Amino acid sequence: MRNQTFIRNYHIMLMPGILLLIAFSVIPMFGIVIAFQDFQPTRGIFRSEWIGWENFEYMFALPDSRSIFVNTMVIASLKIVFGMAAPFLFALLLHEVVSTKFKRIVQTIVYLPHFMSWVILSGILINLLSLEGVVNQVVQFFGGDPILFLQSNVWFRVVLVASDVWKEFGFNTIIYIAALTSINTNLYEAAAIDGASRFQRLLYITIPGLLPTVILLATLGLGNVLNAGFEQILNLYNPIVYETGDIIDTYVYRAGLLEIQYGLATAVGLLKSVVSFVLIAVSYLLAARFANYRIF
Amino acid sequence: MIRGTNRFVDLTIYLILSLIALLSIAPMLNTLAISFSGKIPAMSGQVFFWPVEFNLNAYESILRDRSFFVSFGVSVQRVLLGGAINFIITILMAYPLSKSAKLFPGRNVYMWFVIFCMLFNGGLIPWYMTIYSMGLLDTMWALVLPTAVPVFNVILLMNFFRGIPKELEEAANMDGAGPWKILFSIFLPTSLPALATVTLFSIVGHWNAFFDGMILMNSKENWPLQTYIQQLIISVNSIMNTTDPEEIKRLTNMSSQLLNSAKVMVSMVPILLIYPFLQKYFVSGIVLGAVKE
C-alpha cells in the first residue's frame, strides 16, 4: 500500500514540530490557572491557594488599568491606520515609476529598517531625539525650542507611531505591490486610448484594483488592536511616560517579572489573550466572508 | 506601457521617492557618522551625515570590550543552531501540511492545532515558568527551543509547496520515489525563493531577539548581543529617571552615546551582510507563498 506508507511518513515528519509546540505552547496554556491562584513561587502551581476571581477584581480596581487599556487601544489603532496608509501611498508612487532599476534600488533601501531590531532602532532613536540630536537641531533651525520627545507625554505616542510607520512601511508595501502586479495592464492601455489622463487612470484603475487588499488588511488589523508593540515600547519608554505609553504587555512584564506579582500578571495576560483570540477569530471570519481570504 | 507622458510629474515622483528612500536610512547614516566622530562634536550635536573630527576610538574600545565579543559569540551560536532547527522543522511540517486532506487524512487536525498555537498562548508568566521548570534557564536551549517552530514560516512554505504541480510528485512516485525522496529531490530544489525567504526571516528573528535573552539568561556571559546592547542603551536612557548621583556616575561611565553608536553599527553588520543576498528572493518568495489555490 503506497498511500499508507506515505501517510505514515507524513505523521513522522510532523512529529518533532508538534512535540515542540506541545512543550512550549500547549503546556504553558495550563499555567493559566495561576490567574486564579494566590501564586507563591515556592509552593508552585499545585500547592498555591485558589482565590477564584480575586486577581481579576484587583485588576479592575487598579487605578492604572483604565489608562493601560486606553493606551493600548489608542496606540495600536493609530499604528494600524497610519501603518496602512503610508505603504498604500508609497505603493501608488512606486507604481508610477517606469524604470525597474530605480524601483528596485528604492525598494531595497526602504525594506531595510524592517530587518533591524527595536533594540538597535531605539538606540538610534534615542540618539536622534535627544536634546542634542539631529531632530532637535532641525527644530531649532526653524526657530523652535528643543523638545524632550521621549520624556514628554505629549510627544511619546507621536514618536511611537511615527517610528513604527517608518520601520515597517517599506516592507508592508510588498503586499500592495503584489496586488498591483495582478492588475491587468490591458486596462491601462484601453483607458489611455480612450483618452484617460494619468490621474484618471490612477483614480479609476489603480485605486479600485488595490481596494480588496485594503479591505483585507483593515479586517485583519482588527485582530491587532491589543498589540501596540511590546518590544518597541519596552525599549523606548521610561516612568515619566507611563501615563501615555504603558500598554498591557509592558504592564504584564513589569508586574509579573519585575514585581513578582505572578497571579495578577497572568490574569491581565489571560484577559488580553482571550480578547485578542476572539478579535483575531472574528477578523479572520470577516476576511473569509468579505474578502475571500483563507489562511490555509 | 503607455505612461510617463508628463516629464514634470515624473520628475516630482522620482524626487519624492528618492527623498523617502533617503529618510529610510538617514537615522542609520547619522549613527554611523556619530560612531566615527570625536566625543565633543558627537555629544554636542554637530554631526549629521559626515563624521566630525574623524577617529576610530569607539571601534578600538569595542575591540577591548570582552563582554561585547562574548555576546556576539552567543548570538552567532544562537543563529546557527536556532536557524538550523527552524529550517528543518519548517520543511518537515510544511510538506505534509501542503497535502490535501484527501491525500493525508488528519491534515486538517494538525493544521487547526498549529493555527491554535499561533493565535492563543498562555501569556508571559506561564511561558516563563514552563521554561524554568524544564530546567532550561541560562542554557542555549532556552533561546532556540521555544522558538523552534516558526508557524508563520511553515504556512508560507506550505502555500509555496501547494503551487508545485502535482504531476511532478506523481511522476516521481511512478519511478519509485518515497515521500522523503520526493521532498528532498523535488520540493526543496524547486522552492529556493521560498526557502531563502523563510531562512532570512528565521535568521533575522534569532539575531534580533533580545527579550528572551533578557529574562531567560541569568548570567551576563550568556546574553545574546541584542540583550547586551539593550541593557547598555536602556541604562543610559534611564539616567533621566534616577536622582542618585552615584548611580548616574556609574551609568555615564559604563557607556557613552558614542560607544553605543559604534556597538549598534557593529551589531547591524551581519544583517547587512546577508540581506543583499537573500533580498532578491524574498519578495517573490512572499508573493508566491501568499498565492492560494
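Here is what the cut-offs are and how they apply
Residues numbered from 1 in each chain as written. Chains lettered and ligands numbered in written order. Predicted model: local features only at pLDDT ≥ 70, side-chain atom pairs only at ≥ 80, totals over all residues. Heavy atoms only, no water. Helix = DSSP H or I, 4+ residues; strand = E, 2+ residues; numbered from the N terminus. Buried < 20%, exposed > 50% of the residue type's maximum accessible area, 1.4 Å probe, protein only. UniProt positions renumbered as here; feature names shortened; annotations may be inferred. Patch = residues over 30% accessible without salt bridge, like charges linked within 9 Å, V, L, I, M, F, W, Y side chains within 5 Å. Areas by Shrake-Rupley, 256 points an atom, 1.4 Å probe, with all protein chains shown as cover. Salt bridge = Lys/Arg side-chain N within 4 Å of Asp/Glu carboxyl O. Phe/Tyr/Trp six-rings, centres within 6.5 Å; stacked < 30°, edge-to-face > 60°. Lys NZ or Arg CZ within 6 Å of the ring centre and 35° of its normal.

Student: Looking at this model, I keep getting lost on unusual backbone geometry. Mind explaining?
Tutor: Of all residues except glycine, most have a negative phi; of all peptide bonds, most are trans. Within the chain, Ile260 of chain A stands out as a residue other than glycine whose phi angle is a positive 50°. Checked against the element boundaries, Ile260 of chain A lands in the loop between α13 (248–258) and α14 (262–291). Here Glu53 of chain B, not a glycine, exhibits a phi torsion of approximately 55°, which is positive. Within the secondary structure layout, Glu53 of chain B lies in the loop between α2 (39–43) and α3 (57–63). A relative accessible area of 55% means that Glu53 of chain B is categorised as exposed.

Student: Looking at this structure, how should I read the UniProt feature "transmembrane region" (unreviewed entry) in chain B?
Tutor: Residues and elements named next belong to chain B. What UniProt calls "transmembrane region" (unreviewed entry) maps, in this numbering, to residues 12–36, 79–97, 109–129, 141–161 and 182–207. Secondary structure content for residues 141–161 is 71% helix and 0% strand, while the C-alpha to C-alpha distance between its ends is 30 Å. Spanning residues 182–207, this segment combines 85% helix with 0% strand, and its end C-alpha atoms are found 32 Å apart.

Student: Can you help me understand a nonpolar patch on the surface in this one?
Tutor: Among the surface-exposed residues, Val138, Phe141 and Phe142 of chain A together with Leu19, Leu22, Leu29, Leu32, Phe48 and Phe49 of chain B lie close enough to one another that they form a single nonpolar patch of about 920 Å² accessible area. Of all the secondary structure elements, the ones that give two or more residues to the nonpolar patch are α7 (134–141) of chain A together with α1 (7–35) of chain B. Looking at the nonpolar patch element by element, the count peaks at 4 residues for α1 of chain B. A relative accessible area of 31% means that Leu32 of chain B is categorised as partly exposed.

Student: Hey, could you run me through the packing of aromatic side chains in this one?
Tutor: Centre-to-centre distance and the angle between the planes together describe a pair of aromatic rings. Enumeration according to the criterion identifies 36 aromatic pairs over all chains in this entry. Their ring planes at 90° and their centres at 5.3 Å tell us that Phe36 of chain A and Trp53 of chain A sit as a pair that is edge-to-face. Of this pair, Phe36 of chain A sits in the loop between α1 (2–30) and β1 (37–38) while Trp53 of chain A is found in the loop between β2 (49–50) and α3 (54–61), placing the two residues 17 residues apart along the sequence. Judged by its relative accessible area of 56%, Trp53 of chain A is exposed. Ring geometry for Phe88 of chain A versus Tyr176 of chain A: centroids 5.7 Å apart, planes at 75°, classification edge-to-face. A residue pair is termed long-range when its members are at least 10 positions apart, and Phe88 of chain A in helix α4 (residues 65–95) and Tyr176 of chain A in helix α8 (residues 156–181) qualify at 88 residues. For the pair Phe88 of chain A and Tyr176 of chain A, one class covers both residues: buried. Here the aromatic cluster, defined as three or more aromatic residues joined through ring pairs, consists of Phe6 and Tyr10 of chain A together with Tyr95, Phe104, Tyr110, Phe161 and Phe187 of chain B. When the ring centre of Tyr242 of chain A is taken as reference, the NZ or CZ atom of Arg254 of chain A above it lies at 4.0 Å.

Student: Which parts of the structure should I look at to understand the pattern of salt bridges?
Tutor: A side chain of one charge can pair with a side chain of the opposite charge when the charged atoms of the two come close. Taken as a whole, this structure holds 8 salt bridges over all chains when the rule is applied. The shortest N-O distance in the salt bridge between Asp246 of chain A and Arg254 of chain A comes to 2.7 Å. On the basis of relative accessibility, which here comes to 4%, the residue Asp246 of chain A falls in the buried class. The salt bridge partner of Asp249 of chain A is Lys272 of chain A, with a shortest N-O separation of 3.0 Å. Of this pair, Asp249 of chain A sits in helix α13 while Lys272 of chain A sits in helix α14; the two residues are 23 residues apart in sequence, bridging distant segments of the chain. Lys272 of chain A gets classed as buried once you look at its relative accessible area, which sits at 13%. Look at the salt bridges and you will find they share partners, linking Glu96 and Arg198 of chain A together with Asp10 of chain B into a network.

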